[in-house]
Amino acid sequence: MTAQPVDNTDLWAGLPTLDAPPAPVWEDPVPLAGPRKLAPFPTASLPGWLREFVAAVAEETQTPVDLAGCIALSVLATAAGGRAVVQVRGHWREPTNLYVVVSLPPANRKSAVFGLLTDPLYEAEQQLRTLTQPAIVEAEMTARLAKEAADKAASKAATAGADERDELVATAIALAQTAESVSVPAKPQLLADDTTAETVTSRMAEQGGRISVMSAEGDIFDIIAGRYSGKPNMGVFLKGHAGDRLKVDRQTREEYIEHPALTMGLCVQPQVLDDIGRQDGFKGRGLLGRFLYSVPESLVGRRKIEPDPIPEQVMETYRRHVLDLTLFLAEWTDPALIQLTPEAVAALKAFQARVEPMLEARGGIMGQIGDWGGKLVGATARMAALLHLAEHLTKGHTVPVAEATMRDAIALGEYFISHSLAAFDSMGADRIVERARTVLEVLHAHGWREVSKRDLMVKLSRSEFRTANDLDPVLALLEDHGYVRAQAVQRSGGRGRPPSPRYLIHPRLTDQTA
């Protein structure tokens, strides 16, 4: 008997069909950062006398106005740093020193601009020395006479008989203590150039807690990196910006500064920023996050042959105002307290509310430079105080900062956002983005719908991706932006090499016509 085939149709009739898994739904990927659009320097934010001089310097030297504008901020910070603080709100106070660096190629007449902007500071320094010279001479003479008297008393006590030795020893000790207590003031100094970290500390200690490093070169970065010591020495540069207590206790010297105030105004070649990004000593220490960066476009090749000279009245007004502000604040031992109007506080809060989302690690435009962005609001408050002092000169401490001045400072803060992002690109903060673009090109060229990390590494240049670990942050960034999706790794449980992670690729990258 022949077996009849069994009809199982009815057995499956009530069961659901097993369809293939649905294709993943992809949203449009978030574009990676493109070339930076740099904001123009907001010259209108500067007080009238300073704005006129900055524009005139830029015209005569045929340099970007950014250079003179940024160095002008450093000049104000040199005059006020360590001598004025701004009350932001509550217990939040900011000192008025700044770190500013401008990046420009050679042949941009940086030294000429520095000379024009800083000449009044050197003149103020000389005037301060002239004013203090009599007191220094008197203190030196008093100290010398006191030491001679103490030495004579010590010699006399050493040869005295037993009956009078105790009294003479006591006299010698008293005279020695008097000699030790005589303090000789240091010669006033506002500016330093080629100097070591140790010298910066000593100069600040001598100068009541403040000093300024102004230079048209980038040598200071080599010094910080350890040109003389062989290792990075950043302590004074970190604390000198924040105003944190600084104490040096070594065999050769002992120095203590309650509130250090270091100002830096620098102009460096672009290569310097590139080099900084490659030096491990600068990474993760927070120093680079303290600078305000400017990367203007060079005018070389487009400069006027016969530019307009700086008007004498404009130059004299600048000279006089910088002298007045510097000499007035030099007399302050307790720093002048700069207050904000309620409207200025509200404007700064609104700016802070706009900045905060920019710091989001995933998607914020400053997510990659959160250390810098986190200090921006404080730097803006500092700039507002400096603009206020420049506007009111010797009366700045008697009136609060107006809302208009705070908005001028915010315009400067927004300028520094775009330029600092570009500067950090040069220093490698966005090197991951550059590598991500390389990976996107490879994915598009091969048209993969899915790829393993190991297979991807085979197609990448080993000069750019030396190890598989170099690829991890790039794939993480591409996943955050929606270009790839990591798949769960299926482990067999056996020995041997674990399976390579696999990634689904956005269909847009598999379209060879895109």
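Refer to the structure printed above.
Residues numbered from 1 in each chain as written. Predicted model: local features only at pLDDT ≥ 70, side-chain atom pairs only at ≥ 80, totals over all residues. Heavy atoms only, no water.

Draft legend 1. Representation of the layout of surface pockets. Approximately 930 Å³ is the volume found for the largest pocket. As for the largest pocket, its lining consists of 40 residues, and the residues nearest its centre are Gly-82, Arg-83, Gly-208, Gly-209 and Thr-333. Sorting the residues of the lining of the largest pocket by element identifies strand S1 (84-89), strand S2 (92-95), helix H4 (110-159), helix H6 (197-206), strand S7 (254-257) and helix H10 (312-330) as the ones contributing at least two each. In terms of residue count, the dominant contributor to the lining of the largest pocket is H4 (four residues). When the residues that make up the lining of the largest pocket are grouped by side-chain class, the tally is 21 nonpolar, 11 polar and eight charged. (1 Å grid on protein atoms, 1.4 Å probe; cavity = no way out; pocket = protein on both sides within 12 Å on 5 of 7 lines; lining within 4 Å. Points joined across faces, edges and corners; volume = space filled by probe spheres on them. Helix = DSSP H or I, 4+ residues; strand = E, 2+ residues; numbered from the N terminus. Nonpolar A, V, L, I, M, F, W, Y, C, P; charged D, E, K, R; others polar.)

Draft legend 2. Molecular detail of the environment of Val-200. Counting through the fold element by element, Val-200 comes out in helix H6. For Val-200, a relative accessible area of 1% translates into the label buried. For the pair Val-200 and Val-213, spaced 13 residues apart in sequence, the C-alpha to C-alpha distance is 8.6 Å. Setting aside its immediate chain neighbours within four residues, Val-200 contacts Thr-195, Ile-211, Val-213, Val-236, Phe-237 and Leu-262. (Buried < 20%, exposed > 50% of the residue type's maximum accessible area, 1.4 Å probe, protein only. Contact = heavy atoms within 4.5 Å.)

Draft legend 3. How the structure looks around the nonpolar core. In this structure, Leu-117, Phe-237, Tyr-293 and Trp-372 are the most contacted members of the largest nonpolar core, which totals 113 residues. Among the nonpolar cores identified, the runner-up in size contains 23 residues, and Ala-436, Val-442, Leu-478 and Leu-509 belong to it. (Core = buried A, V, L, I, M, F, W, Y, C linked by side-chain atoms within 4.5 Å.)

Draft legend 4. The arrangement of the environment of Leu-292 in detail. Take Leu-292: it is sitting in strand S9 (residues 291-294). Along the sequence, Leu-292 and Ile-417 sit 125 residues apart, while their C-alpha atoms lie 8.5 Å from each other. Not counting chain neighbours up to four residues away, the residues in contact with Leu-292 comprise Leu-98, Tyr-99, Val-100, Val-101, Trp-372, Ala-379, Met-383, Phe-416 and Ser-420.

Draft legend 5. Spotlight on the sheet that holds S9. Strand order in the open sheet made by the five strands is S4-S5-S8-S3-S9, with parallel pairing throughout. If you trace the sheet from one side to the other, it starts and ends with strand S4 (191-192) and S9, each paired once. Sheet analysis places strand S3 (residues 99-103) next to S9, joined by four bridges and oriented parallel. Each residue of the ladder has a partner; that of Val-101, found in S9, is Tyr-293. With respect to the sheet, H4 is in contact with S4, strand S5 (210-215) and strand S8 (261-268), its orientation differing from that of S8 by roughly 155°. (Pairing = 2+ DSSP bridges. Axes fitted to C-alpha atoms, helices over the stretch in contact; angles between N-to-C directions.)

Draft legend 6. How the structure looks around the sheet that holds strand S11 (residues 450-452). Pairing is antiparallel across the open sheet formed by three strands, whose spatial order is S11-S13-S12. A single partner strand is all that each edge strand has here, and the edge strands are S11 and strand S12 (484-486). In this sheet, adjacent strand axes meet at a mean angle of 30° when their direction is disregarded. Contacting S12 and strand S13 (502-505), helix H17 (residues 472-480) crosses the sheet at an angle of about 115° to S12.

Draft legend 7. Expanded view of empty space enclosed by the protein. For the coordinates displayed, the defined rule picks out two cavities of 30 Å³ or more. The space that makes up the largest cavity amounts to roughly 50 Å³. Every residue lining the largest cavity is listed: Ala-77, Thr-78, Gly-81, Asn-97, Leu-190, Arg-210, Ile-211, Ser-212, Ala-261 and Thr-263. Of all the elements, S5 adds the most residues to the lining of the largest cavity, at three residues. Residue classes in the lining of the largest cavity are distributed as four nonpolar, five polar and one charged.

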